[in-house]
Every structure is written in C-alpha cells, then in structure tokens.
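Here's the letter readout for the chains.
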2 protein chains.
Amino acid sequence: MSHSSSLLENAVDQLASLPGIGRRTAMRLALDLLRREPQEVARFAEAIRRMRDEVRYCEVCCNISDEPRCAICRDPHRDASLICVVEDIRDVIAIENTRQFKGLYHVLGGVISPMDGIGPDDLHTAELMERVAQGDVREAVLALGGTLEGDTTGFYLNRRLSEAAVLVTTIARGISVGSDLDQADEVTLGRSIADRKPYEQSLKR
Amino acid sequence: MSHSSSLLENAVDQLASLPGIGRRTAMRLALDLLRREPQEVARFAEAIRRMRDEVRYCEVCCNISDEPRCAICRDPHRDASLICVVEDIRDVIAIENTRQFKGLYHVLGGVISPMDGIGPDDLHTAELMERVAQGDVREAVLALGGTLEGDTTGFYLNRRLSEAAVLVTTIARGISVGSDLDQADEVTLGRSIADRKPYEQSLKR
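A quick note: this is a predicted structure, and the numbers were derived from the prediction, not measured. (Residues numbered from 1 in each chain as written. Chains lettered and ligands numbered in written order. Predicted model: local features only at pLDDT ≥ 70, side-chain atom pairs only at ≥ 80, totals over all residues. Heavy atoms only, no water.)

S.K.: Tell me about the overall build of chain A, and name the residues and values.
M.R.: Scanning chain A from N- to C-terminus turns up nine helices and six strands. Against the 2.2 N^0.38 benchmark of 17 Å for 205 residues, chain A shows a C-alpha radius of gyration of 22 Å, more extended than a compact globule. Projected onto its principal axes, the C-alpha coordinates of chain A cover approximately 65 × 45 × 35 Å. When burial is assessed residue by residue, chain A has 40% of its 205 residues classed as buried. Across chain A, every contact between residues at least 6 apart in sequence was considered, and the portion connecting residues at least 24 apart equals 46%. Accessible surface, chain A as shown: approximately 11,900 Å² in total, 50% of it carbon and sulfur. Across chain A, the centroid of the 26 positively charged side chains sits 4 Å from that of the 33 negatively charged ones. (Helix = DSSP H or I, 4+ residues; strand = E, 2+ residues; numbered from the N terminus. Rg over C-alpha atoms; globule rule 2.2 N^0.38 Å. Buried < 20%, exposed > 50% of the residue type's maximum accessible area, 1.4 Å probe, protein only. Contact = heavy atoms within 4.5 Å. Areas by Shrake-Rupley, 256 points an atom, 1.4 Å probe, with all protein chains shown as cover. Lys, Arg positive; Asp, Glu negative; His and termini not counted. Charge placed at Lys NZ, Arg CZ, Asp CG, Glu CD.)

What follows is the structure, encoded as structure tokens:
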C-alpha cells in the first residue's frame, strides 16, 4: 500500500502498531483524523502522550491512579485482608462492575509467559509478596484468565502465597449463567461437574 | 465503566472517538500504549499531530501530498485528459494497485449526503470544474461507491460534467471475478445481465 504523503504513511504506521489494528483500519482511522479540526487532533495526541508521561501506579496495589494511592485502596469500608489478584486494570473494572467484591486488588500487570519472555520478576509479584509480608493479608483470590499463561501464573502464585501462610482461593469456573450446556466447551462443562455444589447453596447470592 | 485515573479515562475517550472503536477496544489500546516506553508513545502522538498540522493537498487533484503537486499529477507519462473521480485517497490507492489506470485522479473528499448535511460545496467539486474549464479533460470516469450517496454524487457530477462537454463514464458493476452467482445480491446480478457484453470482448484484458 503506497501513497504520496510520508506524513500520512507515518501516522498509518503508528496506528497500525496498535493491537488488532491492521493497515486498512489504520488508514481509515488516519483519514477520519485528517477530516477533524487541527486543535481537535492536537487534543487527541496530547491525551495519549500525557497518559503515558504522567500516569502513576497505586503504591499499594499497582492499579493505575492519579494519586499515590488509588481510590479503592483509600476506601476505609473495604476489607484489606482480602486481596483479589488480577492481570490488568480491565479485570479490576470488570469485577468492580459486579459489586460482589469488597476487598482490595493487586494488579500484576500481565501474566507469566515464557514464550514472550515474561517471568514473575516482570510482573508486580514482589509488591504482592511485600503486602503479604506486612501480615494483614488473610486470603488471596486468584482471578486470572483461563489460559495456559493464567494457569502458570496461578500455579506460581499459589506456591509463593501458601509459603507465606495466606489462604489462596480461585474464582469459580463453570457454565455461564443463562447459557445452554451444549454451547459450553468440554473442559468447562467437565470442571462444572467436578466442582458441583449443594443445590441449596446455589440459591444464595 | 469507571476507573481511578482521569488521565487514562481521557485517553480512552479520545481513542473511542475513532470510527469503529468502542470503549472496550479503546481501553485495550490505551493499556497497550501504557506498556510502551514514553518516547515511543510520544512518537506515536507526534506522528498523528504532525499529519494533521502539516498535511497538504495536491493543488491539482486534491489528493494528499507532501509537495504542492502530488506524485501522480507530476508524472509526465500519465494521460492528463482522463480523470478518475473518487471519494477519498483510499480509492486512489485501490485503483493504483490494479495498475489498470493511466490517467489522473480527482479526490472529492467525500460524497454528497443530505442526511449528514454534506452538499456539493463541501466537496472538491469546484476544483474539478476548474480543471474541466481549462479544457484539457476529455473523459471523467466516476469511480464512486455503490451506495445511495455515491449514486447521488454521480448523478450530480454527470449533469455538471456533461454541461461542460466532458465524456462521463462510470466503472463497471457486476459479479466479482472468481465468485459464484448465487452469492451475489440481486441488484448486482441484475445489473451484470443488463450490462452484458460480447464474449470475445470479455477475453481481452
């Protein structure tokens, strides 16, 4: 795909570097930006540059935060002895939206992935173990994705956290609420049978 | 979707303003940018800002260009009496990739769309009529999308260009090469029968 402007080509290259954005889509996005007012595009670029330059991470849970400590960690009504360990901030948002979790979080910033050269030291595991070492953590809920990398990370963290005498739990895997059994994959369906629970208990929320 | 950083929220808002990018995707893109080096993100933002600030349009065909006149218009081997009228630069790229067209282009910068408040004066139609008024244009090939807006634009341009004694043609509509008849929509199939041509002629490239 060649065209006559290196300025456009440059912008398309940059947009196409984003995950899931191919060159065709990048061209469409660039043309949309070209149709806007220059000040509007300057605000667009500035918002992205500022986010990266000025972003801070909560000194407790490594969540993204504008303050030294994030709003969740500052909330006195939350249970500081219960920590939900997640991969990234999207998981925090998803769990917060359920309104079912009243503890704090710990954001790893990724999962262990030997294929991509990401080991435990590339994640915020040291910060997690430091929180645990301070002695207030009773339970750590692992809420990691059901991938090979998620499982590897869970395996590693379970070992480290158990050594530190923390109760390690993991979110339930099973059939989605409202979905048909024959739509579920075999592994999930198998796990949902192995992990069956008393009927009475399933009626509680 | 709420989170604890207004910097992140701002960047997500801006990314979600792009066409076809929802808030979930915008969050994924923002997190990807957050994982990069600050200088890399600064380059990203700068490429977009510069594109919009410094972009120029070819003084002849309104194509995007770094020079006053674009590479296609500067090429002495191209037929300046034959102009292909297109909606935007993506169409120029698509047609150039076929290597079948040896004339010049005219980029309208959009199509007439009363619903969106876009009339002929919002497009580069005045520049097109000016090129025609200079007397060198023999034929204008309308290569517009097969939408209602494309048809409206074609109808308008045919009237204006015919008044100026230019031969107006339009690209052929028909069944895609290599595709099955039963996959085609009825309008296209109907048009391909109405526009049938001698078999011998179809063998030529």
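From this point, things continue past the structure.
S.K.: Residues and numbers for the packing of helix α1 (residues 6–16) of chain A against helix α3 (residues 38–54) of chain B, please.
M.R.: Between α1(A) and α3(B), whose axes approach to 9 Å, the crossing angle comes to 145°. For the pair α1(A) and α3(B), the sense of crossing is left-handed. Only B:Arg43, B:Phe44, B:Ala47, B:Ile48, B:Arg50, B:Met51 and B:Glu54 of α3(B) make contact with α1(A), whose side of the interface consists of A:Leu7, A:Leu8, A:Asn10, A:Ala11, A:Gln14 and A:Leu15. When its residues are assigned to classes, the contact of α1(A) with α3(B) shows eight nonpolar, two polar and three charged. (Axes fitted to C-alpha atoms, helices over the stretch in contact; angles between N-to-C directions. Left-handed = near helix turned anticlockwise from the far one by under 90°. Nonpolar A, V, L, I, M, F, W, Y, C, P; charged D, E, K, R; others polar.)

S.K.: Give me the domain arrangement of chain A: which residues, what numbers.
M.R.: Along its sequence, chain A is organised into domain 1 (6–54) and domain 2 (75–202). Here the C-alpha centre of domain 2 of chain A lies 35 Å away from the C-alpha centre of domain 1 of chain A. (Domains from an automatic or database assignment.)

S.K.: Can you lay out the sheet that holds strand β4 (residues 103–107) of chain B for me, pointing to particular residues and giving the numbers?
M.R.: All names here are of chain B. If you walk across this open sheet you meet the four strands as β4-β3-β5-β6, and the pairing is parallel. Among the strands making up the open sheet, the edge pair consists of β4 and β6 (167–170). Each strand of the sheet is rotated relative to its neighbour by a mean of 30°, with strand direction disregarded. Here four bridges tie strand β5 (residues 139–142) to β6, and the two strands are oriented parallel to one another. Bridging across to β6, Val141 finds its partner in Thr169. Helix-sheet contacts for helix α5 (residues 89–98) involve β3 (79–86) and β4, and the interaxial angle to β4 is about 160°. Along the sheet, helix α7 (residues 148–163) contacts β3, β5 and β6; its crossing angle with β5, the most-contacted strand, is approximately 175°. (Pairing = 2+ DSSP bridges.)

S.K.: If you had to explain the interface of chain B and chain A to someone new, which residues and values would you point to?
M.R.: Contacts between the two partners involve 54 residues from chain B, matched on the other side by 54 residues from chain A. Both sides of the chain B and chain A interface together cover about 5,100 Å² of buried area, and 70% of this is carbon and sulfur. Of all residues in chain B, B:Leu7, B:Met51 and B:Arg52 give up the largest surface area on contact with chain A, accounting jointly for 14% of the area buried on that side. The interface formed by chain B and chain A includes two salt bridges. We note a salt bridge from A:Asp88 to B:Arg35, for which the minimum N-O separation is 3.6 Å. Inspection of the region where chain B meets chain A yields 10 residue pairs in polar contact (both at pLDDT 80 or more). For the side of chain B that touches chain A, the secondary-structure elements that each account for two or more residues are α1 (6–16), α2 (23–34), α3, β2 (64–65) and α5 of chain B. Partitioned by chemical class, the residues of the side of chain B that touches chain A number 29 nonpolar, 11 polar and 14 charged. (Buried area = accessible area lost by both parts, 1.4 Å probe. Salt bridge = Lys/Arg side-chain N within 4 Å of Asp/Glu carboxyl O. Polar contact = N/O pair within 3.5 Å; in protein donor to acceptor, adjacent residues only side chain to side chain.)

S.K.: I'd love a proper account of the pairing of strand β4 (residues 103–107) of chain A, names of residues and values included.
M.R.: All names here are of chain A. In terms of residue burial, β4 counts as a mostly covered element, since five of its five residues are buried. Bridge count for strand β3 (residues 79–86) against β4 is five bridges, and the pairing is parallel. Its bridge partner lying in β4, Asp79 is registered against Gly103. Tracing the backbone out of β3, into helix α5 (residues 89–98) and back to the parallel element β4 gives a crossover that is right-handed. (Right-handed = clockwise from strand over helix to strand, strands pointing away.)

S.K.: Can you lay out the sheet that holds β3(A) for me, pointing to particular residues and giving the numbers?
M.R.: All names here are of chain A. The strand order across the open sheet formed by four strands is β4-β3-β5-β6, and the pairing between neighbours is parallel. A single partner strand is all that each edge strand has here, and the edge strands are β4 and β6 (167–170). Each strand axis lies, on average, 30° off the axis of its neighbour in the sheet, ignoring direction. Of the strands in this sheet, β3, β5 (139–142) and β6 are in contact with helix α7 (residues 148–163), which crosses β5 at around 175°.

S.K.: Account for helix α3 (residues 38–54) of chain A, naming residues and giving values.
M.R.: With 17 residues, α3(A) ought to run about 24 Å at 1.5 Å a step, and its terminal C-alpha atoms sit 23 Å apart, in line with that. Here α3(A) has its buried residues at A:Val41, A:Phe44, A:Ala45, A:Ala47, A:Ile48, A:Met51 and A:Arg52. What you see down the axis of α3(A) is that its buried residues fit within an arc of 145°, all on one side. Projecting away from the buried face of α3(A) at angles above 90 degrees are the exposed residues A:Gln39 and A:Arg43. Buried residues in α3(A) make contact with α2 (23–34) of chain A together with α1, α2 and α3 of chain B. (Expected span 1.5 Å × (residues − 1). Arc of directions from axis to C-beta.)

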